[in-house]
Amino acid sequence: MASSILDSIRLTRKLSWRKVWNAGKIYSSYYLSRWTGKVVQWGLPFTVSIEPTTACNLRCPECPSGLRAFSRPTGSLKADFFRKSIDELEQHLLFLIFYFQGEPYINPNFLDMVTYAEQRGIYTITSTNGHFLDDENARRTVESGLSRLIISIDGSTQEVYEQYRVAGDLEKVLDGARNVVKWKKALHSPTPHLIFQCLVVKPNEHQIPEIYRLAKEIGVDEVKLKSAQVYDFENGNPLIPENERYSRYKKMPDGTFRIKNRLLNHCWKLWHACVITWDGKVVPCCFDKDAKYRLGDLRQNSLGEVWRSDAYHQFRQKLLLGRKKIDICANCTEGCETWIVSEVN
């Protein structure tokens with residue numbers, strides 16, 4: 001519990017009156033929109049995900065990066081464009097998530113970008129497969145000031161781990177986590193708050209206790225269990241866990257599967273967050289992996305102009321009228337994702 005409390009305190013230190021006021025406007029406009037069924041949008045997003053790169057070293061079977069299956073352009077975020085974007089966002093932005101698709105550490109400027117954002121009072125988060133956390137990168141990660149580091153650990157043995165993390169090396173990932181813990185101690189740094197995230201699928205669900213044990217042994221702050229999005233689930237899928245607690249799908253009497261939770265015609269993400277691709281396209285959320293719903297381009301307009309644009313307004317209104325009619329919303333985790341958080345230190 002102590003690690004989570006300290007992490008929360010570090011987050012509150014990033015607050016300013018301007019950020020609090022902006023968040024208040026977002027919350028009030030979101031609930032007003034829910035109650036009236038009409039779009040009201042005040043404030044600017046306080047959570048932004050930005051994509052360092054679409055490239056990845058692994059071949060995970062349910063990931064467009066792993067499958068090399070993008071129809072949109074692929075590439076890496078440029079440092080000058082990133083700094084320009086942050087200069088616009090810093091006064092109202094609380095969370096900056098360095099992740100959408102791809103492996104962030106493949107971008108050679110990634111940690112310099114983290115430092116730039118942290119120096120401007122923004123809480124920074126990234127999610128990595130952990131294969132690039134050698135001793136030098138682990139030290140630089142701690143020195144960058146990164147607030148939260150999520151490392152994907154989808155199995156406690158190589159045989160199980162590589163069934164989903166295809167071409168991955170579990171021991172290399174664990175060594176990377178050890179490197180980060182070592183440098184946190186050496187530099188007397190409380191950050192990054194280190195999380196092991198396990199995407200729970202049928203091949204690894206029996207290894208969850210062992211993942212907790214590894215986390216405690218290494219010195220990780222938390223373990224998070226995340227349910228997996230499966231694209232073809234209606235007739236079953238070998239990735240769907242046996243234990244329904246870890247699945248976002250429910251098996252029906254006829255043997256077919258459906259999403260457990262009813263999709264409601266509202267979405268908090270559309271009011272407080274957005275995603276920016278490596279080349280500046282603004283998309284509604286992380287479920288639009290191929291950037292099908294492009295609501296604006298930061299190379300042509302400011303985020304404020306995009307956020308208040310007719311395209312964004314129409315997308316939000318369409319969602320309020322019928323979320324099931326939007327394909328990226330049909331298999332969405334909003335309200336139906338399994339998150340189990342456990343303090344391990």
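Residue numbers here run from 1 along each chain, matching the order of that chain's written sequence. Residue-level local features of this predicted model are given only where pLDDT is at least 70; pairs of side-chain atoms are given and counted only at 80 or more, and the full residue set underlies all totals for whole chains, interfaces and linings. To obtain the side-chain values, all non-hydrogen atoms of the structure were used and water was disregarded.

Visitor: How should the pattern of salt bridges be read in this particular structure?
Guide: Once the charged atoms of two side chains with opposite charge are near each other, the side chains can pair. For this document, the term salt bridge refers to a Lys or Arg side-chain nitrogen within 4 Å of an Asp or Glu carboxyl oxygen. Taken as a whole and judged by the stated rule, the model has 20 salt bridges. Among the salt bridges present, the one from glutamate 118 reaches lysine 14, with a minimum N-O distance of 2.6 Å. Placement of glutamate 118 in helix H5 (residues 110-118) and of lysine 14 in the loop between helix H1 (2-12) and helix H2 (17-36) is noted, with a sequence separation of 104 residues between them. Lysine 14 matches glutamate 118 in its accessibility class, with the two residues each being buried. Two residues, glutamate 143 and arginine 139, come together in a salt bridge whose shortest N-O distance is 2.6 Å. Linking glutamate 143 with arginine 139, this pair stays in helix H6 (residues 135-144), spanning 4 residues, or about one helical turn. Among the charged side chains, a salt-bridge network with shared partners connects Asp7, Arg10 and Arg148. Segments assigned H or I by DSSP are reported as helices when at least four residues long, segments assigned E as strands when at least two residues long, and all are numbered from the N terminus. Per-residue accessibility, obtained with a 1.4 Å probe over protein chains only, is compared with the maximum for each type, and a residue is labelled buried under 20%, exposed over 50%, and partly exposed between these values.

Visitor: Is there a simple way to explain the nonpolar core in this structure?
Guide: One broad trend across soluble globular proteins is that nonpolar side chains are buried collectively. Counting residues in hydrophobic clusters, the biggest one holds 100 residues, and the most contacted among them are Phe82, Leu96, Phe98, Ile151 and Phe196. With 7 residues, the single largest contributor to this core is helix H8 (residues 170-186). The contact definition used throughout considers only heavy atoms, calling two residues in contact when any of these lie within 4.5 Å. Those residues in contact with phenylalanine 196 that lie beyond four places of it in its chain are Ile151, Ile153, Leu174, Ala177, Ile211, Leu214, Ala215, Ile218, Val220, Glu222, Val223 and Lys224. Take the buried Ala, Val, Leu, Ile, Met, Phe, Trp, Tyr and Cys residues and link them wherever side-chain atoms come within 4.5 Å; each set so joined is a nonpolar core.

Visitor: Honestly, the packing of aromatic side chains in this entry has me stumped. Any pointers?
Guide: In this scheme Phe, Tyr and Trp rings, the latter by its six-membered ring, pair at centre separations within 6.5 Å, and the angle between planes marks the pair as stacked below 30 degrees, edge-to-face above 60, and tilted otherwise. Under the defined criterion, the tally for this structure stands at 15 aromatic pairs. Taken together, a centroid distance of 5.0 Å and an interplanar angle of 65° make the contact between tyrosine 30 and tyrosine 31 edge-to-face. Given a relative accessible area of 5%, tyrosine 30 falls into the buried group. When the centroid spacing of 6.2 Å and the interplanar angle of 40° are considered together, the rings of tyrosine 31 and tryptophan 35 count as tilted. Of this pair, tyrosine 31 and tryptophan 35 both sit in helix H2, 4 residues apart, which is roughly one turn of that helix.

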